[in-house]
Amino acid sequence: MTLQGQNVGQTAPEGVVADTDMNQAKLPPIVTAAFSGDIQDWVRFRDTFKGMVFDRPNLPNIFKMNYLRTYVRGEAAELLQEVPSGGEHLVTAWKVLLSHYDNKRLLINKLMTKLMSLPVMTNDSASELMRVLNGVRNLLQALKALGSPTEHCDHFTVFLTRSKITQKCQAKWEDSVKRADDPTRPGEFENLCKFLEAERNALSLLESTKDFAKRTPQAVSESKTGTSKERKSANFVQVGAGQNSCPVCSEPHSI
């Protein structure tokens, strides 16, 4: 990489960039969320950062280090507090994160713990239903990325997900299973997901209908109040007009 202020063919030392380049350069944004130390997000962050930043040969290490510090938060950022910010320390900083988070056995154990301890639905609402469903699906995707054969664990995932939904929702799921071609066949997670998504849509519709019903009586009341005021105003005008007419000939003059 040829830098300003250097002879052609001479490259800068590893992790060093000319001042003019540093002032003119603008780091393009990376399409990824910051990593805060949540083990569930590590594999996504690791693969994205490695592919878009760490392995890019034309990007100086000082820029890579700036990217790394920009996209780590919380616990992950605290781990790098003792690592100097220079580009020559990029590999050290990356190894610190790898040693702490890139433990496959630990990752799977933590993800399984989060999956098992996922809070149950607190009520029959669309938001609570999708919180549970998305929580299970996201954790399963993270496990699959680590090589866990989640596609062969339907019996377990159906049982677990069913235990996280309300009894009312469980009863509806059991009714749908009874209507299947073979009610004795264990349920598939994909079918459970489709059922829960349909249930979410139904709950969303009911919730929006209830909100509309609550607002309607108030609107009708306000409309009636406005009509009553208009009628009183019209009666007042009529009475006032009648007081100025002649009681003998009914013409608009006083005696």
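This one's a predicted model, so the numbers in the text were calculated from it and none came from an experiment.

**A few points about the packing of helix 6 (residues 104–116) against helix 8 (residues 154–164)**
Here is step 1: Closest axis-to-axis distance for the helix 6/helix 8 pair is 10 Å, and the angle between their directions is 45°. In terms of orientation, helix 6 and helix 8 fall into the oblique class. Contact residues: helix 6 offers M112, L115 and M116, while helix 8 offers F156, L160 and K164.
Here is step 2: Of the residues belonging to the contact of helix 6 with helix 8, the class tally is 5 nonpolar, no polar and 1 charged.

**Brief notes about the side chain of E128**
Here is step 1: Inspection of the secondary structure puts E128 in helix 7 (residues 126–145).
Here is step 2: A polar contact is formed between the side chain of E128 and the side chain of R131, at a distance of 3.0 Å.
Here is step 3: For E128, the residues in contact, after removing those within four places along its chain, are V120, M121, T122 and N123.

**What to know about the pattern of salt bridges**
Here is step 1: One pass over the full model with this rule turns up 10 salt bridges.
Here is step 2: Taking the shortest distance from any N to any O, the salt bridge between D38 and K114 comes out at 3.3 Å. Of this pair, D38 sits in the loop between helix 1 (19–24) and helix 2 (42–54) while K114 sits in helix 6, and the two are 76 residues apart along the sequence.
Here is step 3: The partly exposed category is assigned to D38, whose relative accessible area is 31%.
Here is step 4: The exposure class of K114 is partly exposed, given its relative accessible area of 30%.
Here is step 5: Ionic pairing is found between R137 and E197, a salt bridge with its closest N-O pair at 2.7 Å. Of the two residues, R137 sits in helix 7 while E197 sits in helix 10 (residues 189–242), which places them 60 residues apart along the sequence.
Here is step 6: The exposure class assigned to R137 is partly exposed, which follows from its relative accessible area of 21%.

**Things to note about the packing of helix 2 against helix 3 (residues 61–70)**
Here is step 1: Closest axis-to-axis distance for the helix 2/helix 3 pair is 11 Å, and the angle between their directions is 155°. One element, helix 2, and the other, helix 3, form an angle in the roughly antiparallel class. Handedness of the helix 2/helix 3 crossing: right-handed. Along its contact with helix 2, which presents F45, F49, V53 and F54, the element helix 3 presents K64, Y67 and L68.
Here is step 2: Considering only residue class, the contact of helix 2 with helix 3 consists of 6 nonpolar, no polar and 1 charged.

**Describing the layout of surface pockets**
Here is step 1: Quantified by volume, the largest pocket comes out at close to 280 Å³.
Here is step 2: Forming the walls of the largest pocket are 13 residues, and the residues nearest its centre are V177, A180, G187, E188 and N191.
Here is step 3: Elements supplying a minimum of two residues to the lining of the largest pocket: helix 9 (167–178) and helix 10.
Here is step 4: It is helix 9 that provides the largest number of residues to the lining of the largest pocket, a total of 3 residues.
Here is step 5: Looking at the lining of the largest pocket residue by residue, the class counts come to 6 nonpolar, 3 polar and 4 charged.

**What about the confidence of the model for the protein?**
Here is step 1: Chain-level statistics for the protein give a pLDDT mean of 79 and a share of 72% at 70 or above.
Here is step 2: The element-level mean pLDDT for the protein is lowest in helix 1, coming to 40, with helix 8 highest at 94.
Here is step 3: Taken together, the stretch residues 1–24 has pLDDT below 50 and engages in 27 contacts with residues farther than four places along the chain or on a different chain.

**Observations regarding the packing of aromatic side chains**
Here is step 1: According to the stated counting rule, one finds 11 aromatic pairs in the structure shown.
Here is step 2: Between F35 and F45, the aromatic rings sit 5.3 Å apart at their centres with planes inclined by 15°, giving stacked as the arrangement. Taken together, the residues F35 in the loop between helix 1 and helix 2 and F45 in helix 2 connect sequence positions 10 residues apart.

**Overview of the nonpolar core**
Here is step 1: Grouped together as the largest cluster of nonpolar side chains are 52 residues, with contacts concentrated most on W42, F45, F49, L68, W94, L97 and L196.
Here is step 2: Of all the elements, helix 7 adds the most residues to this core, at 10 residues.
Here is step 3: Excluding residues that lie within four positions of it along the chain, L68 makes contacts with F45, F49, L80, L90, A93, W94 and L97.

So, how was this worked out
- All residue numbers here refer to positions counted from 1 along the written sequence of the relevant chain.
- This being a predicted model, a pLDDT of at least 70 is required before a residue's local features are given, and a value of 80 or more before pairs of side-chain atoms are given or counted; all residues contribute to the totals for chains, interfaces and linings.
- Water and hydrogen atoms play no part in the side-chain values, which are based on all heavy atoms of the structure.
- With axes taken as lines fitted to C-alpha atoms, and helix axes fitted only over the stretch in contact, angles between N-to-C directions fall between 0 and 180 degrees.
- Only runs of H or I of at least four residues qualify as helices and only runs of E of at least two qualify as strands under DSSP, and these elements are numbered from the N terminus.
- Working rule for angles: under 35 degrees goes down as roughly parallel, over 145 as roughly antiparallel, 65 to 115 as roughly perpendicular, anything else as oblique.
- Contacts are assigned to residue pairs that have any heavy atoms within 4.5 Å of one another.
- Under the convention adopted here, Pro, Cys and the residues Ala, Val, Leu, Ile, Met, Phe, Trp and Tyr are nonpolar, Asp, Glu, Lys and Arg are charged, and Gly plus all remaining residues are polar.
- For this analysis, a polar contact is any N or O atom pair within 3.5 Å, provided that within protein one partner can donate a hydrogen and the other can accept it, and provided that sequence-adjacent residues contribute only side-chain to side-chain pairs.
- Salt bridges are defined as contacts in which a side-chain nitrogen from Lys or Arg sits within 4 Å of a carboxyl oxygen from Asp or Glu.
- Relative accessibility decides the category of a residue: with a 1.4 Å probe and only protein chains considered, values under 20% of the type maximum give buried, values over 50% give exposed, and everything between is partly exposed.
- Helix crossings are classified by the rotation of the near helix relative to the far one: an anticlockwise turn of less than a right angle makes the crossing left-handed, while a clockwise turn makes it right-handed.
- Method remark: on a 1 Å grid restricted to protein atoms, a set of points is classed as a cavity if a 1.4 Å probe fits but cannot get out and as a pocket if it is open with protein on both sides within 12 Å along at least five of seven lines; lining residues have an atom within 4 Å of a point.
- Grid points are joined across faces, edges and corners, and a volume is the space filled by probe spheres set on the points.
- The predictor rates its confidence in each residue with pLDDT, a number between 0 and 100.
- When two rings of Phe, Tyr or Trp (its six-membered ring) have centres within 6.5 Å they constitute a pair, described as stacked for plane angles under 30 degrees, edge-to-face for angles over 60, and tilted for the intermediate range.
- The criterion is simple. A nonpolar core is a set of buried Ala, Val, Leu, Ile, Met, Phe, Trp, Tyr and Cys residues joined through side-chain atoms within 4.5 Å.

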